[in-house]
Amino acid sequence: MVKKSTSEKLKLMVEKRKLTGRQVKKLRQEGILPANIFGNKIKSQAIQVSLKDFLPVWKKAGETGLVEIKVTGEDKVRPILFHNLQLDPVTDKPLHADFYQVDLKEKITSEIPVELTGVAPAVTQKMGILIQPLSEIEVEALPTDLPDQFTIDISKLEKIDDTITVAALKAPTGVKILTSPKEILVKIEPLAK
């Protein structure tokens, strides 16, 4: 199963950033997230965005949801994907973000998360433990076709060595799975003795 975000367009207002280097600490103290816009055929640009505006959009979009950003002083809206959000290792507060500007007519590759649903009988009957060697799948698609996640039902894993591979995933129209179909997504391993 593939989960696709709602058709609601996510929008975010950003401003050009003048402070760089060590000076960005001042921005963070004011609740402003320093960021950069980059992409194919565009010049990298330093921007800033209010953290209180950024966080709800980031929560909904993650790294696969398309967001329309508007840079103050520019007329056009830019389609972006969030890329490489750096977090403070102690507080988990965002320190910096990269906004990858995409061409809506050009395919891109992206890592899509794999979510597990259901309960594996082999685990509930204490026969084995569930391991998930892969939690993301690499796909190629137009930015507007990227799924939010793939969902796998693990309720058919009944005995030791039962597996589900990438081949079991059904990609939506326009999405090509690049990860090898033989790769194991989930497997039942024997209990440690």
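Residues numbered from 1 in each chain as written. Predicted model: local features only at pLDDT ≥ 70, side-chain atom pairs only at ≥ 80, totals over all residues. Heavy atoms only, no water.

## Some remarks on the overall build of the protein chain
Phase 1: Looking only at helices and strands, the protein chain features three helices and 14 strands.
Phase 2: Considering only C-alpha atoms, the protein chain reaches an extent of 60 × 40 × 25 Å along its principal axes.
Phase 3: Looking at the protein chain residue by residue over its 193 residues, the buried ones come to 36%.
Phase 4: About 11,700 Å² of surface is accessible on the protein chain, with carbon and sulfur atoms providing 53% of the total.
Phase 5: Side chains of the protein chain give 30 positive and 26 negative charges; the mean places of these two sets differ by 5 Å. (Helix = DSSP H or I, 4+ residues; strand = E, 2+ residues; numbered from the N terminus. Buried < 20%, exposed > 50% of the residue type's maximum accessible area, 1.4 Å probe, protein only. Areas by Shrake-Rupley, 256 points an atom, 1.4 Å probe, with all protein chains shown as cover. Lys, Arg positive; Asp, Glu negative; His and termini not counted. Charge placed at Lys NZ, Arg CZ, Asp CG, Glu CD.)

## Observations regarding the environment of P133
Phase 1: With respect to the secondary-structure elements, P133 resides in the loop between β9 (128–131) and β10 (136–141).
Phase 2: Distance from P133 to I184, taken between C-alpha atoms, is 6.6 Å for residues 51 residues apart in sequence.
Phase 3: With near-sequence residues (within four places) excluded, P133 lies in contact with I184, L185 and V186. (Contact = heavy atoms within 4.5 Å.)

## What to know about the nonpolar core
Phase 1: If you look at the biggest cluster of nonpolar residues, it comprises 23 residues, and the most contacted ones within it are I137 and L185.
Phase 2: Broken down by secondary-structure element, the contributors of at least two residues to this core are β8 (108–117), β10, β11 (149–153) and β14 (184–190).
Phase 3: With residues near it in sequence (within four places) discarded, I137 still touches S110, E111, I112, V114, F150, V166, L169, I177, T179 and L185.
Phase 4: Judged by nonpolar contacts, the second largest core, of 20 residues, contains V49, V67, I80 and F99. (Core = buried A, V, L, I, M, F, W, Y, C linked by side-chain atoms within 4.5 Å.)

## A word on a nonpolar patch on the surface
Phase 1: Taken together, the side chains of I129, I131 and L191 make up a nonpolar region of the molecular surface, amounting to roughly 220 Å² of accessible area.
Phase 2: Its place among the elements puts I131 in strand β9.
Phase 3: Given a relative accessible area of 31%, I131 falls into the partly exposed group. (Patch = residues over 30% accessible without salt bridge, like charges linked within 9 Å, V, L, I, M, F, W, Y side chains within 5 Å. Salt bridge = Lys/Arg side-chain N within 4 Å of Asp/Glu carboxyl O.)

## Some remarks on the sheet that holds strand β7 (residues 94–101)
Phase 1: With mixed pairing, six strands are arranged side by side around a closed barrel as β2-β4-β3-β7-β6-β5. In this sheet, neighbouring strand axes are inclined to one another by 45 degrees on average, regardless of whether the strands run parallel or antiparallel.
Phase 2: Examined bridge by bridge, strand β2 (residues 10–16) and strand β5 (residues 67–71) share five bridges and lie parallel to one another. In the sheet register, M13 faces β5, and the bridge partner there is K70.
Phase 3: Packed on one face of the sheet, helix α2 (residues 51–61) meets β2, β3 (32–39), β4 (42–50), β5, β6 (78–87) and β7 and runs near 140 degrees to β2. (Pairing = 2+ DSSP bridges. Axes fitted to C-alpha atoms, helices over the stretch in contact; angles between N-to-C directions.)

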